[in-house]
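Chains, contacts and geometry: an overview
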Amino acid sequence: MDYFTWWLAIAVFFHQFQCPDAGHKKVKAHEKAVVTTDGCKTTLGQEKRKCEKGSMLPCLKNRTALESLKGQLVLCDTKTDGGGWVIIQRRIKGDVEFENKTWAQYRDGFGSFDGDLWIGNAMIRKLTHAGYTNLRIDMEYHGEKLHALYTHFKVKEESHFYQMSYKGFSGNVRHDDFKSSNGMKFATFDFPDNGCSLWYGRTGWWWQVSKASCGATNLNGIWACKDYGKGIYWVAHTTNQRSLSFVEMKLRKSDP
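Residues numbered from 1 in each chain as written. Predicted model: local features only at pLDDT ≥ 70, side-chain atom pairs only at ≥ 80, totals over all residues. Heavy atoms only, no water.

Focus: the pairing of strand β13 (residues 246-252)
The element β13 is largely enclosed, with a buried count of 5 among its 7 residues. Relative to β13, strand β3 (residues 85-91) runs antiparallel, the two being bridged by 5 bridges. Along β13, the bridge assignment pairs R91 with V247. In terms of strand pairing, strand β6 (residues 134-141) meets β13 through 7 bridges, oriented antiparallel. The residue of β13 that forms the bridge with E140 is F246. (Buried < 20%, exposed > 50% of the residue type's maximum accessible area, 1.4 Å probe, protein only. Helix = DSSP H or I, 4+ residues; strand = E, 2+ residues; numbered from the N terminus. Pairing = 2+ DSSP bridges.)

Below, the structure is given as structure tokens:
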């Protein structure tokens, strides 16, 4: 078997485990996307009317998909803590692989509105620079609902590897495990090479650059995985060998 045939066989092998998108519109994000400033303040009543009109957008409880100025679709949480949240990441049923995704895929986004999704680093950067600097992370582990809130959340441009930072923290989690990612650059298995993604499930994340550890959390980990450091973990609750059963990361505009 020659080199090309060998790689083709591997690609076919992995492709058979990918879930189809069932015709749902994929989430895509680009640096030039224009961010709506108040779209996610849509009320539940407006959401219901939109669904009744036969919209092609999914009708989800307390969630609505809205179209921004340049045709960019975003999924909003219209209920939690008053609503107004743009969902940037969601893990609810493991229908989308977050592992083996390239730098470009994490930059542009992947997933669907009725399943798991990553809105894309380019769009996250655009949102934070448009004033969406309040970050909320909702999680669930063994039936316990957890949340963490952050202020002054910012993501730099791609030339700075989408470096992330935040200031204030509150919530009901036992410990701010996201702290290990504060100030870190984003990395995937293919770029930039810091070793962490390759060691811990080949997923993209704001990995901690340390000889001792790659961080205390990875919300983009492999769904339901129990291998050390490869699952969707928040160490204070899951340890490194269990996975959260639900995650939503969402942004909202900060107070004027």
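Quick notes on the confidence of the model for the chain
Across the chain, the average pLDDT comes to 79, with 71% of residues at or above 70. Predicted confidence for residues 42-59 stays below pLDDT 50, and this span has 19 contacts to residues more than four positions away or in other chains. (pLDDT = per-residue confidence, 0-100. Contact = heavy atoms within 4.5 Å.)

Section: the state of the cysteines
Under the defined criterion, the tally for this structure stands at 1 disulfide. Note that C196 is cross-linked by a disulfide to C214, the S-S spacing being 2.0 Å. In this structure the cystine formed by C196 and C214 twists about its S-S bond by roughly -85°; its chirality is therefore left-handed. Of this pair, C196 sits in helix α5 (residues 196-199) while C214 sits in the loop between α5 and β11 (217-218); the two residues are 18 residues apart in sequence, bridging distant segments of the chain. (Disulfide = S-S within 2.5 Å.)

Overview of the packing of aromatic side chains
All told, the structure shown has 21 aromatic pairs when counted by the stated rule. Consider the rings of Y106 and F186, whose centres lie 5.5 Å apart with planes at 55°: the pair is tilted. Taken together, the positions of Y106 in helix α3 (residues 103-108) and F186 in the loop between β10 (169-171) and α5 put the pair 80 residues apart, joining distant regions of the chain. Under the relative-accessibility criterion, Y106 is labelled buried at 0%. Geometrically, the ring pair formed by F161 and F191 is tilted, given 5.6 Å between the ring centres and 45° between the ring planes. Taken together, the residues span a long stretch of sequence, with F161 in the loop between β8 (154-155) and β9 (164-165) and F191 in the loop between β10 and α5 at a distance of 30 residues. Under the relative-accessibility criterion, F161 is labelled partly exposed at 23%. Since its relative accessible area comes to 37%, F191 is described here as partly exposed. The ring of F98 has R91 sitting right over it, with the charged end atom 3.8 Å from the ring centre. Geometry around F189 places R202 over its ring, the cationic atom sitting 4.1 Å from the centre. (Phe/Tyr/Trp six-rings, centres within 6.5 Å; stacked < 30°, edge-to-face > 60°. Lys NZ or Arg CZ within 6 Å of the ring centre and 35° of its normal.)

Focus: the nonpolar core
Residues I137, F153, F178, W206, L219, W234 and M249 are the most contacted members of the largest nonpolar core, which totals 47 residues. Of all the elements in the fold, those that place two or more residues in this core are β2 (73-77), β3, α3, α4 (121-129), β6, β7 (144-150), β12 (233-234) and β13. (Core = buried A, V, L, I, M, F, W, Y, C linked by side-chain atoms within 4.5 Å.)

Things to note about the pattern of salt bridges
Pairing between side chains becomes possible if they bear opposite charge and their charged atoms approach one another. Tallied over the full model, the rule gives 11 salt bridges. For R91, the salt bridge goes to D116, with nearest N and O atoms at 3.7 Å. Placement of R91 in strand β3 and of D116 in the loop between β4 (110-111) and β5 (117-118) is noted, with a sequence separation of 25 residues between them. For the pair R91 and D116, a shared accessibility class is recorded, and that class is buried. (Salt bridge = Lys/Arg side-chain N within 4 Å of Asp/Glu carboxyl O.)

So, the side chain of D77
On the secondary structure map, D77 appears in strand β2. Here the side chain of D77 touches T80 through a polar contact of 2.6 Å, side chain to side chain. (Polar contact = N/O pair within 3.5 Å; in protein donor to acceptor, adjacent residues only side chain to side chain.)

Structural notes on the side chain of R136
By the element assignment, R136 lies in strand β6. R136 gets classed as buried once you look at its relative accessible area, which sits at 11%. Side-chain polar atoms of R136 contact the side chain of D138, separated by 2.9 Å.

A look at unusual backbone geometry
Negative phi is the rule for most residues except glycine; trans is the rule for most peptide bonds. Note the cis peptide between F191 and P192, where omega equals -25°. You can see P192 is positioned in the loop between β10 and α5. A positive phi angle is found at R202, which is not glycine, with a value near 60°. On the secondary structure map, R202 appears in the loop between α5 and β11. On the accessibility criterion, R202 (31% relative accessible area) is partly exposed.

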